[in-house]
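Each chain is listed here by its residues.
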There are 2 protein chains.
Amino acid sequence: MSPTKTVTKSANRLSRAVVVDRALELAAAEGLEAVTVRRLATALDVTPMALYWHFRTKDELLDGCADRLLDGVEIPADDGAWPERMRAAMDALVAAIRPHPQVAVLVDRRMLQHPSGLALTEMALGCLAEAGFSTADAAQISWHALATAIVLVTGDQVDDSGTQADEREVELEQKASLLRGLPPDRYPHLLAAVDDMVRCADTERFFDLGVELFVAGIVGTAPKKRRS
Amino acid sequence: MSPTKTVTKSANRLSRAVVVDRALELAAAEGLEAVTVRRLATALDVTPMALYWHFRTKDELLDGCADRLLDGVEIPADDGAWPERMRAAMDALVAAIRPHPQVAVLVDRRMLQHPSGLALTEMALGCLAEAGFSTADAAQISWHALATAIVLVTGDQVDDSGTQADEREVELEQKASLLRGLPPDRYPHLLAAVDDMVRCADTERFFDLGVELFVAGIVGTAPKKRRS
DNA sequence: ACCTGAACACCGTTCAAGT
DNA sequence: ACCTGAACACCGTTCAAGT
C-alpha cells in the first residue's frame, strides 16, 4: 500500500485549510462558542499550541473560517436593471453563508478584506449610485445589505447557545406556552401569531421575504425612481 | 451626619439593580466582553460569588441588562396610518437601545419576555396585519424589524473588540489605506466611497436612513397598498 | 519547519461555610 | 438573607524546548 493510504498520521498534517475544515465542522455540530483553541486541537489530535504555528491568534483562525465562506460566493453577472443586480448580489451572499449559519457573523469583519466581498460591495455601490444615492448613503446602505444578509442567515437557526435539535424544541415550546398565557384582549395579534413567532415554518420564504423587503426598501427610497 | 451619607459600605449593598448599573457602565467603558463575573465583582468591591446570590447565572445577569434597556422604551400612540405607526414603533425601540450600543445585542432574546417588547411587537403585528400580510409573514417581518433596530445601533459603534477611541482610529485608518490600494479600474465606486465605508459621518442620518429603508420595504411589499 | 510542554492570567460555576 | 473562600474545569496565549 502507498504510504498516503496507511499513514493516517501524515495525512493528518496540519495546515490552515484542515484547521478551518475542522473548525467549521465543530461550529456546525456544537455552535460557534464550541470552537475553542483547545477543543479544536483535541479534535485535530494535536496540542493546542500547534494551531499557533498556522494562525497568529484565534481571531485570525476565525477570519480564516469567514474567508472560507466568502470563497464560495458566486459573483453574479453585472448587467440588467440595478434593482435586479442588487438582488442578485444579496442572493449570492446569502447563498454563500447559508451553509454555515453559525459562522455567518464572522463574515462582517472580512467583507472588505476578501476579493469576493469587495466584488459584491463594488457591485452594490454601483447599483446604488445608479439609483441616485449619494456615496455616503450608498456606503451605509451597502453595509446594511451585508448586515441584513447575515441577520437573515443567523436568525433562521439554532443561535440560542449551543443547544441542539431536541433541547431546542422544548425551549421553543416553553417560549410558546409563555406567550399563550398572555391576556388576549391586549395581545390579539401576538396570540394569533404565536406559532409563527416561535419557529419558522418556511425557510425559503423567510429568505425571499427578507431580501425582497430590503430591495423594495431601496427602490422605494431611491432618488431616481426606476422606469417601470 | 446620617449613616446613609457616611457609611458607603452599606450604601454599596448589592441588588440586581446596582449590579446591572455597574454592568452597563463596564460595557460602555470597555465593551460587552469586559463584562465578566469577576471583573464586575471587583468593580462592585465584592466577591465573584456574591453576584450569584442575586442572579442564577451570568446569562440571567445579561438578561437584566437587556431588560433595563427595554424599561426605557416609550410606547408610542397606536393611532394614525400603519406605516407611520410602524415607524414610530421602530423609532421607539431604536431610541431605547441607542444609549447602550454595546448591550443592544442582548435585547433580541428578551423582546418577547418584556412588557415593552411585547407591546411593540403587538403594535408591529397590528400594522402588518392591516397592511395585508399573512400572520406568518408578519411574524417574520416583525422579528426582522427587531434585528434591524439592533443592527443599526450596534453597527454605528466601537464593536470591533473592546478597543477605544484612539486605538480604533488607527485601526480605521489602516482599513482605509488598504482600500485605497485597490485597482481603480475594478473598484471605481468603492474607491470613491472609502471614507464613507470606513466611518459614519452623520449618525443621525444613518439611523433615519436605516428605519426609512425598512419601512419603505414593507410599504413596497405590502399586499394592500396604502392609499396616498 | 512544525510541533510539544509547562506555565500564566484569565473565565463561569459548585459547594460548603461564615455572619 | 446575604456574602466569603476554596476548588474545579475550563479559556487564550507566551515562551522555551524538542525534532
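See the structure shown above.
The notes below deal with the structure included here. Here the structure is a predicted model, which is why all the values come from computation and not from measurement.

Our focus in this paragraph is the interface of chain A and chain B. If you look at the interface, chain A gives 52 residues, while chain B gives 52 residues. Each partner contributes to the roughly 4400 Å² buried at the junction of chain A and chain B, and carbon and sulfur atoms together form 70% of this total. On the chain A side of the interface with chain B, the three residues burying the most area are Glu122(A), Gln140(A) and Leu213(A), jointly 14% of the side's total. On inspection of chain A and its partner chain B, the count reaches two salt bridges. Close ionic contact of Asp137(B) with Arg205(A) constitutes a salt bridge, the shortest N to O distance being 2.4 Å. The interface formed by chain A and chain B includes eight residue pairs in polar contact (both at pLDDT 80 or more). Mapped onto the side of chain A that touches chain B, the elements with two or more residues apiece are helix H8 (107–110), helix H9 (115–130), helix H10 (135–155), helix H11 (165–180), helix H12 (188–192), helix H13 (194–198) and helix H14 (203–221) of chain A. Among the elements that line the side of chain A that touches chain B, the one with the most residues is H10(A), at 14 residues.

This brings us to the relation of the copies chain A and chain B. Overlaying chain A on chain B yields an RMSD of 0.0 Å, the required transformation being a rotation through 180° with an accompanying axial translation of 0.0 Å. The superposition of one copy onto the other is thereby described by a two-fold rotation axis. No C-alpha of chain A approaches the rotation axis more nearly than that of Gly217(A), which lies at 1.7 Å. A symmetric contact is evident, with 100% of the interface residues of chain A recurring at the interface of chain B.

Turning to the protein's contact with DNA strand D, a few remarks are in order. As a structural note, the neighbourhood of DNA strand D is formed by 17 residues, with Arg38(A), Met49(A), Tyr52(A), Thr47(B) and His54(B) the closest of them. The sugar-phosphate portion of DNA strand D accounts for 55% of its atoms within 4 Å of the protein, the bases making up the rest. Contact distances for DNA strand D include 2.9 Å between a phosphate oxygen and a backbone N or O atom of Val37(A). Leu14(B) places a polar main-chain atom, nitrogen or oxygen, 3.5 Å from a phosphate oxygen of DNA strand D.

Around DNA strand C, a shell composed of 17 residues is seen, among which Thr47(A), His54(A), Arg38(B), Met49(B) and Tyr52(B) lie nearest. Residue Thr36(B) places a side-chain N or O atom 3.3 Å away from a phosphate oxygen belonging to DNA strand C. One of the side-chain N or O atoms of Tyr52(B) is found 2.6 Å from a phosphate oxygen in DNA strand C. Every element with two or more residues in the surface near DNA strand C is listed here: helix H5 (51–54) of chain A together with helix H4 (37–43) of chain B. If one sorts the elements of the surface near DNA strand C by residue count, H4(B) sits on top with three residues. Considered class by class, the residues forming the surface near DNA strand C number eight nonpolar, four polar and five charged.

What counts, and where the lines are drawn
Residues numbered from 1 in each chain as written. Chains lettered and ligands numbered in written order. Predicted model: local features only at pLDDT ≥ 70, side-chain atom pairs only at ≥ 80, totals over all residues. Heavy atoms only, no water. Contact = heavy atoms within 4.5 Å. Buried area = accessible area lost by both parts, 1.4 Å probe. Salt bridge = Lys/Arg side-chain N within 4 Å of Asp/Glu carboxyl O. Polar contact = N/O pair within 3.5 Å; in protein donor to acceptor, adjacent residues only side chain to side chain. Helix = DSSP H or I, 4+ residues; strand = E, 2+ residues; numbered from the N terminus. Least-squares fit on C-alpha atoms with pLDDT ≥ 70 in both. Near = heavy atom within 4 Å. Nonpolar A, V, L, I, M, F, W, Y, C, P; charged D, E, K, R; others polar.

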